[in-house]
Amino acid sequence: MSQPTEQGEGPASTAFVRYCIHYRKHPPGAYYGGIEYVAALQKLKASAAMQAVGNVESFFWNDAPKVQVWLCHECAAALGL
Ligand SMILES: [Zn+2]
């Protein structure tokens, strides 16, 4: 589930920022650390985690220490963040 998705037009320097699918609508949201995000996912039930993962661009969990995840408030709440 952790294939990186480099389908954006951003420069390589943004490779370690991931956004939820709502970002383009510019809802209120915030950046979270990759480790924090992964830890939150692991606390969810499998079905909820699958849904949450589907709402956010994926990344290698090994990269979590380097990754920043931007989540709208709705996605953050779903993750308990
Ligand atoms: Zn969202």
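Quick note: structure is the one above.
Colleague: Would you mind showing me how to read the overall build of the protein chain here?
Modeller: Looking only at helices and strands, the protein chain has 3 helices and 3 strands in total. Considering only intrachain contacts with a sequence separation of at least 6, the fraction spanning at least 24 residues in the protein chain is 84%.

Colleague: I keep staring at unusual backbone geometry and nothing clicks. Help me out?
Modeller: It is generally the case that most residues other than glycine have a negative phi and that most peptide bonds are trans. The backbone of histidine 26 shows a phi angle near 55°, a positive value even though the residue is not glycine. Note on placement: histidine 26 falls in the loop between β1 (17-19) and β2 (29-33). A residue is classified by how many C-beta atoms lie within 10 Å of it, and histidine 26, with 8 of them, is exposed.

Colleague: I keep staring at the nonpolar core and nothing clicks. Help me out?
Modeller: Within soluble globular proteins, side chains that are nonpolar tend to cluster in buried spots. Counting 14 residues, the largest nonpolar core has Cys20, Val56, Val69, Leu71 and Cys75 as its most contacted members. Elements represented by at least two residues in this core include exactly β3 (68-72) and α3 (73-78). If sequence neighbours within four positions are ignored, cysteine 20 has contacts with Asn55, Val56, Trp70, Leu71, Cys72 and Cys75.

So, how was this worked out
Residues numbered from 1 in each chain as written. Predicted model: local features only at pLDDT ≥ 70, side-chain atom pairs only at ≥ 80, totals over all residues. Helix = DSSP H or I, 4+ residues; strand = E, 2+ residues; numbered from the N terminus. Contact = placed C-beta atoms within 7 Å. Buried ≥ 20, exposed ≤ 12 C-beta atoms within 10 Å, placed from the backbone. Core = buried A, V, L, I, M, F, W, Y, C linked by C-beta atoms within 7 Å.

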